[in-house]
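Summary of the model geometry
Residues per chain are reported as follows:
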Amino acid sequence: MTTAERLATPLVRRLALLLLLLALGGVLVLLTDRQPAPPGPVPQDEAGEPDYYLEQAELVRYDAEGLAHQRLNSPRLVHTPHDDVLRAETPRAELLDNAGRRWTVRGERGTLADQRLTLSGDARLNAPDAGWRLDTQELHLNTRTGHAWSDVPARFDAPPQRVEAERFEAWLEDERLHLEGRVRGHHPPARQ
């Protein structure tokens, strides 16, 4: 009997099928045995116990035409029901205004309540297409109207110029910025 004839016998075929099924079963056990990483501890702070929290979250808000016009990314979002506030760690947000201009904001911490995003700790409002940014320690943004403001010192950079002030207001739709309170600026002369 040749090797090909031996391999064609019903017993050898059954053994080969059994070995194939065992190997496939072993692979499935390895794949299903992997558990996702356990979530971090449930956050506790002065705001109370959350009713839910999300890890590696991206919130997207759509306009009337169904196009994404606002995004908020954070490694952790925590919602507390008693004050209906969403708290974010190192939030990063992107907004598109009616003219299609892109605005980005970020901070070390953030809260979102009643369409108002408040960023604190190294907060930044950036207009990447226009080439300027505004840095402050606390930034408030009305996500519905595009009105941003801060009542703490801020620095506006539009290289090579920079301006510092005690407060600012910005209207993103109008691309208008208002700085007030001990305004100091550095405006190098234009090169010719």
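If you check an unreviewed UniProt entry, the chain appears there as LPS export ABC transporter periplasmic protein LptC from Bisbaumannia pacifica.

The subject of this paragraph is the overall build of the chain. Scanning the chain for helices and strands turns up 2 helices and 14 strands. Counting all 192 residues of the chain, 31% fall into the buried class. In the chain, of all internal contacts separated by at least 6 residues, the share reaching a separation of at least 24 is 31%. Split by element, the accessible area of the chain, about 12,900 Å² in all, is 55% carbon and sulfur.

What follows covers the pairing of strand 9 (residues 147–150). Neither face of strand 9 is open: one carries H147 and W149, the other A148 and S150, and all of them are buried. For strand 8 (residues 132–142) and strand 9, the ladder comprises 3 bridges, and the chain directions are antiparallel. Among the inter-strand pairings, N142 is bridged to a residue of strand 9, identified as H147.

The subject of this paragraph is the environment of R92. Considering the arrangement of structural elements, one finds R92 in strand 4 (residues 92–96). Considering only alpha carbons, one finds R92 and L72, 20 residues apart in sequence, at a separation of 5.7 Å. If we ignore the near neighbours within four places in the chain, the residues touching R92 are R71, L72, N73, V105, R106 and G107.

Let us look at the packing of aromatic side chains. Counted by the stated rule, this structure contains 2 aromatic pairs. On the numbers, 5.6 Å between centres and 65 degrees between planes, the contact of W103 with W132 is edge-to-face. Here W132 lies in strand 8 and W103 lies in strand 5 (residues 102–106), a separation of 29 residues in the sequence. Given a relative accessible area of 2%, W103 falls into the buried group. A relative accessible area of 14% places W132 in the buried class.

This paragraph deals with the pattern of salt bridges. Considering all chains together, one arrives at 15 salt bridges under this definition. The closest approach of N and O atoms between R167 and E180, which form a salt bridge, is 3.0 Å. You can see R167 sitting in strand 12 (residues 167–171) and its partner E180 sitting in strand 13 (residues 176–180), a full 13 residues away along the chain. Looking at R167, the relative accessible area reads 29%, which means it is partly exposed. In this structure E180 comes out as partly exposed when scored by relative accessible area, which is 31%. Residues participating in the shared-partner salt-bridge network are R155, D157, E164 and R184.

Thresholds applied
Every residue gets a number counted from 1 within its own chain, in the order that chain's sequence is written. Selection of residues for local features in this predicted model requires a pLDDT of at least 70, selection of side-chain atom pairs for listing and counting requires 80 or more, and totals for whole chains, interfaces and linings are taken over all residues. With hydrogens and water excluded, all non-hydrogen atoms of the structure serve as input to the side-chain values. Only DSSP runs of H or I reaching four residues or more are called helices, and only runs of E reaching two or more are called strands; each is numbered from the N terminus. The buried label applies to any residue whose accessible area, calculated with a 1.4 Å probe on protein chains only, is under 20% of its type's maximum; exposed applies above 50%, and partly exposed to all values in between. Throughout, a contact is declared for two residues whenever any of their heavy atoms are within 4.5 Å. Note on areas: Shrake-Rupley with a 1.4 Å probe; residue coverage comes only from the protein chains shown. Two strands are counted as paired when DSSP detects at least two bridges linking them. Side-chain rings of Phe, Tyr and Trp, where Trp is taken by its six-membered ring, are said to pair if the distance between their centres is within 6.5 Å; with planes under 30 degrees apart they count as stacked, over 60 as edge-to-face, and otherwise as tilted. Salt bridges are defined by distance alone: a side-chain nitrogen of Lys or Arg within 4 Å of a carboxyl oxygen of Asp or Glu.

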